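Remarks on the overall topology
Chain by chain, the residues run as shown.
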Amino acid sequence: MLIDCHCHLDLYPEPALVAASLREPCLVLSVTTTPSAWRGTFALGSRVTGVHTGLGLHPQLAEERAGEFALMESLVGAAEFLGEVGLDGSAELRKTRPHQERLFNSILDLATRAGGRVLSIHSRRAAEQVTSRLRAFPDAGTPILHWFSGNLKELRLAIEIGCWFSVGPAMLRSRRGRGLVEQMPRERVLPETDGPFALDVAGRPLHPTNAREVQAGVAELWGESVEVVADRMAKGASAIRTEMHEVGRA
Ligand code: MN
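The paragraphs below set out a description of the structure included in this document. (Residues numbered from 1 in each chain as written. Predicted model: local features only at pLDDT ≥ 70, side-chain atom pairs only at ≥ 80, totals over all residues. Heavy atoms only, no water.)

Side note on the coordination of the manganese ion
In the first shell of the manganese ion, the protein supplies His-6 (NE2), His-8 (NE2), Glu-84 (OE) and Asp-194 (OD), at 2.2 to 2.4 Å from the metal. All donors of the manganese ion belong to a single chain; written as a sequence motif, their spacing is H-x1-H-x75-E-x109-D. Taken together, the residues span a long stretch of sequence, with Glu-84 in strand S4 (residues 81-86) and Asp-194 in the loop between strand S8 (189-191) and helix H9 (212-222) at a distance of 110 residues. Per residue, the accessibility class of Glu-84 equals that of Asp-194, and both read buried. (Donors = N, O, S within 2.8 Å, 3.2 Å for Na, K, Ca; no water. Helix = DSSP H or I, 4+ residues; strand = E, 2+ residues; numbered from the N terminus. Buried < 20%, exposed > 50% of the residue type's maximum accessible area, 1.4 Å probe, protein only.)

Side note on the sheet that holds strand S2 (residues 26-30)
With respect to topology, eight strands assemble into an open sheet ordered S1-S2-S3-S4-S5-S6-S7-S8, the strand pairing being parallel. Both outer strands of the open sheet, strand S1 (2-7) and S8, are each paired with one neighbouring strand and no more. Going from strand to strand, the sheet's axes swing by 25 degrees on average, the running direction of each strand aside. In this sheet, strand S5 (residues 117-122) lies alongside S4 in parallel orientation, the contact comprising four bridges. Bridge pairing links Leu-82 to Leu-119 in S5. Strand contacts of H9: S1, strand S7 (164-167) and S8, with the helix running at about 140 degrees to S8, the strand carrying the most contacts. (Pairing = 2+ DSSP bridges. Axes fitted to C-alpha atoms, helices over the stretch in contact; angles between N-to-C directions. Contact = heavy atoms within 4.5 Å.)

Things to note about the side chain of His-52
Within the secondary structure, His-52 sits in strand S3 (residues 51-55). Within the local environment of His-52, its side chain forms a polar contact with the side chain of Glu-80, the two groups lying 3.0 Å apart. Leave out the neighbours within four places in its chain, and His-52 touches Leu-27, Val-28, Leu-29, Ser-30, Glu-80, Phe-81, Met-244 and His-245. (Polar contact = N/O pair within 3.5 Å; in protein donor to acceptor, adjacent residues only side chain to side chain.)

Some points on helix H2 (residues 38-45)
Of all the residues in H2, the buried ones are Trp-38, Thr-41 and Gly-45. Along the axis of H2, the buried positions cluster into a sector of 70 degrees, meaning they face one direction only. For H2, the secondary structure elements touched by its buried residues are S2, S3 and helix H3 (69-75). (Arc of directions from axis to C-beta.)

Section: the packing of aromatic side chains
Scanning the entire structure with this criterion turns up two aromatic pairs. When the centroid spacing of 5.8 Å and the interplanar angle of 85 degrees are considered together, the rings of Phe-148 and Phe-165 count as edge-to-face. Taken together, the residues Phe-148 in the loop between strand S6 (141-146) and helix H6 (152-160) and Phe-165 in strand S7 connect sequence positions 17 residues apart. When sorted by exposure, Phe-148 lands in the same class as Phe-165, which is buried. (Phe/Tyr/Trp six-rings, centres within 6.5 Å; stacked < 30°, edge-to-face > 60°.)

These results come straight from atomic positions and should not be treated as a statement about function.
Below you can see the structure in the form of structure tokens.
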């Protein structure tokens, strides 16, 4: 089964072609970076039941698109999961930090009021702050930290509060990324691509089907067979799918 827990279908040069290539059975968490992109992206994924579209507002756009939070509030009831959301502590975004923090708090509060949501979370250079915010909103839902790049202490904090981790081929290529994956709880690791932003070895954007490489990469790292890893990831994906369906029934 294809599992890609974080990709940007709407940002490929030809989104319809990528969407048309996806087949059941799959679990694809198609994230968005602005609430205004949600309806169109939802339509893109609506042909395949395993494709779920996240309602997101990326931290890099926190200042520029702050006005779209009202739209996010009005759409949250229809959204099975939230993402891409989070915080980004990169130096070039320092001046937007107060906006980012205000927005992320509002989003976690919104998720709580909505009864909890699966959340696909960006935490680059902000892992400790992200976990501290998640601690403050324990009923916001199930956090999946995408492309986690914090240190081991931050990883332990994230594990402690029940975070899941989505890991992609690009992360598995770096020694540091592999070191983090070695320490992650195996039952809470799922594949992702972060396509089209993340690239393959040849510098081409990863396609959601490249997420299939993750099972083999992780199996080697953990000293397990690909079958054992694939089986565990399928169970994890099914747990995430169940949580999203519960939202639909609420
Ligand atoms: Mn992303």
